[in-house]
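# A look at the structure
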Amino acid sequence: MGIKTALPAAELGLYSLVLSGALAYAGRGLLEASQDGAHRKAFRESVRPGWEYIGRKMDVADFEWVMWFTSFRNVIVFALSGHVLFAKLCTMVAPQLRSWMYAVYGALAVLGTMGPWYLLLLLGHCVSLYLASLLGQPWLCLGLSLASLASFKLDPLISWQSGLVTGTFDLQEVLFHGGSGFTVLRCASFALESCAHPDRHYSLADLLKYNFYLPFFFFGPIMTFDRFHAQMSQVEPVRCEGELWRIRAQAGLSVVAIMAVDIFFHFFYILTIPSDLKFANRLPDSALAGLAYSNLVYDWVKAAVLFGVVNTVARLDHLDPPQAPKCITALYVFAETHFDRGINDWLCKYVYDHIG
């Protein structure tokens, strides 16, 4: 609805005071429950050795988070650092070619991670939606996009497509579905923009540059094609005053959030406790409330870290990507409750605005 409002400072202060007291009381009970359950048989798979020098084990129930920051940490740092380095060199030497450099680097990263057959599979989806866009029929493009998305959820198509990925590793399925799903959404955005603006004559190369931009490839955020194309087409992009400071601050906040989650998981087993219902049923109401709240906030922090890292890289590339979701604790306007701002923008632009 475009509602922009702010609560009075006194009211916000009162809420913060009440919330802080409630969280401290609930956190005490949750800490005691985590200490009592650390050695339970039901916790053995999810609570592993952590900071042994202070006798703390770590909650590793979220395999995705653990994999990102253990096995795949160096790969992520290497891939994004290479992207930033080559982007800086290309911007200095040949800024008009930077969009091509992004696409080639992203395609090579996907090739090295998921194999050549997966890359060809995604190219097939890109080409099919590009050909549909040439017909200029939005309903056909949207229908084909939905069919492409369904092909990643229905057998035997999903089994055939997933079988094209070479090798096996822990996050293979996550990367497969993330890269495939977001590729279809990006192709749909391109096709629908082509239908809406036939005079602009977008090419297949424009689609490939858009789709294989590495920071957005596997997990977004979704940036609609018109915004991406307009920002990436700037031959000599110029930064606003203070932008580099804001980029550094965003990177610093992401690092602090990662460290905070690591500390939290050594003292509060919020992901493991719900898996043992007998143990959870014995917890006091305050500890259960703290457990539920902690899981909600953790989902937000996880998304904030993911989008924060990606947004930092995208801003270095002179893009203005969608922001991370607003913290659930700070929500008081219904219009801001969407969790993924990029997907919300996509749905509003291509679905909601057209059906009223």
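Shown above is the structure to which this text applies.
The following refers to the structure shown. Just so you know, these numbers come straight off a predicted model, no measurement behind them.

So, on to the overall build of the protein chain. Broken down by element type, the protein chain carries 15 helices and two strands. With the principal axes as the frame, the protein chain shows a C-alpha extent of 65 × 50 × 45 Å. Sorting the 356 residues of the protein chain into buried and exposed places 44% on the buried side. Within the protein chain, contacts between residues at least 6 apart in sequence are counted, and of these 73% link residues at least 24 apart. Accessible area of the protein chain: about 19100 Å², with a carbon and sulfur share of 66%. Of the charged side chains in the protein chain, 26 are positive and 28 negative; the average position of the first set lies 4 Å away from that of the second.

Let us look at the packing of aromatic side chains. In this structure the tally under the stated criterion is 22 aromatic pairs. When the ring of Phe 217 is compared with that of Phe 218, the centres are 4.8 Å apart and the planes differ by 90 degrees; the resulting orientation is edge-to-face. By the burial criterion, Phe 217 is buried, and Phe 218 matches it. Ring centres of Trp 346 and Tyr 350 lie 5.4 Å apart, and the angle between their planes is 70 degrees; this geometry places the pair in the edge-to-face category. Of the two residues, Trp 346 and Tyr 350 both sit in helix 15 (residues 341–355), four residues apart, roughly one turn of that helix.

This part covers the pairing of strand 2 (residues 56–59). Across four bridges, strand 1 (residues 47–51) lies against strand 2 in antiparallel orientation. Residue pairing for strand 2: Pro 49 is matched across the bridge by Lys 57. Between the antiparallel neighbours strand 1 and strand 2 lie four residues, among them Gly 55 with a positive phi of about 70 degrees.

Criteria and cut-off values
- Residues numbered from 1 in each chain as written.
- Predicted model: local features only at pLDDT ≥ 70, side-chain atom pairs only at ≥ 80, totals over all residues.
- Heavy atoms only, no water.
- Helix = DSSP H or I, 4+ residues; strand = E, 2+ residues; numbered from the N terminus.
- Buried < 20%, exposed > 50% of the residue type's maximum accessible area, 1.4 Å probe, protein only.
- Contact = heavy atoms within 4.5 Å.
- Areas by Shrake-Rupley, 256 points an atom, 1.4 Å probe, with all protein chains shown as cover.
- Lys, Arg positive; Asp, Glu negative; His and termini not counted.
- Charge placed at Lys NZ, Arg CZ, Asp CG, Glu CD.
- Phe/Tyr/Trp six-rings, centres within 6.5 Å; stacked < 30°, edge-to-face > 60°.
- Pairing = 2+ DSSP bridges.

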